[in-house]
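Analysis of the macromolecular model
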Amino acid sequence: DYAPGGYLPVKVGDAFSSPNRRHPYTVIRKLGWGHFSTVWLIHNKDDDRYAALKVCSAKYGATARDEILLLEKVRKRAYKNVKTRHGHTEFAQHPGARHVVALIDYFSTRGRNRGDEHICMVLEPLGENLLSLLDRFRRRRRSESTLTGIPIEIVRIVAKQVLMGLQFLHDECNLVHTDIKPENILVCLPNVQDYIEAHIARSETWPSQRVSVPPKHVDGRKQHVDMYHSQPIPTPPLPSNLLNGGWNGSANTLSSTSSSRSRSRDGDFYGFNVQISDLGNATPADKHFTEDIQTRQYRAPEAIIRRSDWGTAVDIWSVACMIFELATGDHLFDPRSKRGSWEKDDDHMAQIIEVCGDFDIELKMGGKFSRDIFNSRGQLRNIDKIKPISLTQLLTETYNYPPREAKHFATFLEPMLRVDPSMRSTAAEMLLHEWLGPRETGDYSRLPQSYESYEWSG
Ligand code: ATP
Ligand code: MG
Ligand code: MG
């Protein structure tokens, strides 16, 4: 994939100049990669700051430009004159904008020996993504042979912040992300510039060799086999009250301990924060480029049947799938095909019906794939064994949740898993759900009681 048209080969020490900077950005090491890009930790001498550089693959130039346009729109909408409840006006950042990655700069560069143009985005530097955070807990929890997800107090914070970010994207920017999943939610770093500097000082020197070689297929999955594997900047130790919260303590600590801010060992406050990243597939709610959206396990029913009138509600469905996964360590829906019997879409719909119940034929029809999945009576064409199971049952029976907590958690997930997108709760509505706990704790002491009390003037 580093062949012409693909990724730009990048190595530690490389310099990228931007028309907006006096000094070039220098590459420190690799942070991550995706289908469209490789992502690097960089430093710029102009202001002595670290950032993340997303170097897009040459063949996805158009996609990268679209992503930049959306990131700029997001940047413009983040700050506004706000009329507060007390009647005065202040210039303020939308509370949800803090939970969406910010674009700092962008430019394009050409491959050294060829004419390929690579679009580069300079982004706020962030830490690991939630899949890698989940993997660490999964491993640890397995060895303890108990629950296999992220501690519920952390899941609660993630849920709240992702919904805040989405409320901003949906209601202020009129954008649908379309790819909400653990890989695209990144952990924020505390005192980020000092933190990164300290991290670099602590680390061994990075190899100076070329650090990118083409990805290889390992177990059928594409992996970058690099001189130096991409590594996120490590998440600082999580405050113990977040790790021990939930049903390890008394039964009703669940909503009372949901503070996203707590004192860490060295006495500093470390507010655990996350941001929604990767706007590469985001689209205006009313102007679609495709009906083929979302990553399989997080795909909303209206997108599975390929309806053309999907909107912001598809992201909410993904949030529920993701939050369930973070809490349990398992996908909520993980459809498989069975050769000669059914396709993934059939199994996906069957799994949805099992958990969410059967639904109206009007909701089943109207999509390009409806007729492949359902017959004219609205029954699944290729699958007839359906084993209904409620979310509460699933949580207690499979994941050992105490019944009370299971029920409470299920009441939070249920409004986001309504098959009818017009009945599915919006991000703004979900933010009022009591499972998220008191609304103005910790970091959010400045948050208004409800979003309605903030009037965003154009
Ligand atoms: P995809 O195939 O998911 O569309 P992509 O090429 O659009 O991938 P991203 O998802 O934006 O790329 O980024 C790829 C990875 O790089 C992320 O999963 C993350 O690990 C890392 N990364 C992205 N942005 C940042 C950032 N701002 N700070 C730190 N690491 C980042
Ligand atoms: Mg991604
Ligand atoms: Mg992307």
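As the structure is a prediction and not an experimental result, all values here were calculated from the model.

The rules we used
Residues numbered from 1 in each chain as written. Chains lettered and ligands numbered in written order. Predicted model: local features only at pLDDT ≥ 70, side-chain atom pairs only at ≥ 80, totals over all residues. Near = placed C-beta within 6 Å. Helix = DSSP H or I, 4+ residues; strand = E, 2+ residues; numbered from the N terminus. Nonpolar A, V, L, I, M, F, W, Y, C, P; charged D, E, K, R; others polar. pLDDT = per-residue confidence, 0-100. Contact = placed C-beta atoms within 7 Å. Expected span 1.5 Å × (residues − 1). Buried ≥ 20, exposed ≤ 12 C-beta atoms within 10 Å, placed from the backbone. Pairing = 2+ DSSP bridges. Axes fitted to C-alpha atoms, helices over the stretch in contact; angles between N-to-C directions. Parallel < 35°, antiparallel > 145°, perpendicular 65-115°, else oblique. Left-handed = near helix turned anticlockwise from the far one by under 90°.

**Quick look at the site of ligand 1**
- As a structural note, the neighbourhood of ligand 1 is formed by 23 residues, with Gly-32, Gly-34, His-35, Phe-36 and Ala-52 the closest of them.
- A total of 3 residues in the shell around ligand 1 trace back to one element, the largest contributor, which is strand E2 (residues 25-33).
- When its residues are assigned to classes, the shell around ligand 1 shows 11 nonpolar, 8 polar and 4 charged.

**Some words on the confidence of the model for the protein**
- The share of residues in the protein with pLDDT of 70 or more is 81%, and the mean pLDDT across the chain is 85.
- For residues 247-268, every residue scores under 50 in pLDDT, and the model assigns this stretch 40 contacts once sequence neighbours within four places are set aside.
- Counting contacts from residues 440-458, a segment whose pLDDT is below 50, to residues more than four positions away or on other chains yields 31 contacts.

**Examining helix H9 (residues 344-356)**
- With 13 residues, H9 ought to run about 18 Å at 1.5 Å a step, and its terminal C-alpha atoms sit 18 Å apart, in line with that.
- Here H9 has its buried residues at Asp-346, Asp-347, His-348, Met-349, Ala-350, Gln-351 and Ile-352.
- Along its buried surface, H9 packs onto helix H7 (301-304) and helix H11 (370-373).
- Of the residues flanking the end of H9, it is Gly-357, one or two places downstream, whose phi is positive at about 90°.

**Comments concerning the sheet that holds strand E1 (residues 15-16)**
- Reading across from one edge, E1-E2-E3-E4-E8-E7 is the order of the 6 strands in this open sheet, with antiparallel pairing throughout. This sheet does not close on itself; its edge strands, each paired only once, are E1 and strand E7 (103-110).
- Inspection of the sheet shows E2 paired to strand E3 (residues 37-44) by 7 bridges, in the antiparallel sense. Paired with Val-27 across the bridge in E3 is Ile-42.

**A closer look at the packing of helix H3 (residues 152-172) against helix H8 (residues 313-328)**
- Packing of H3 against H8 leaves a shortest axis separation of 10 Å and a crossing angle of 165°. The orientation of H3 relative to H8 falls into the category roughly antiparallel. Where H3 crosses over H8, the handedness of that crossing is right-handed. In this structure, H3 uses Ile-152, Val-155, Val-158, Ala-159, Val-162, Leu-163 and Leu-166 to contact H8, whose residues at the interface are Asp-315, Val-319, Ile-323, Leu-326 and Ala-327.

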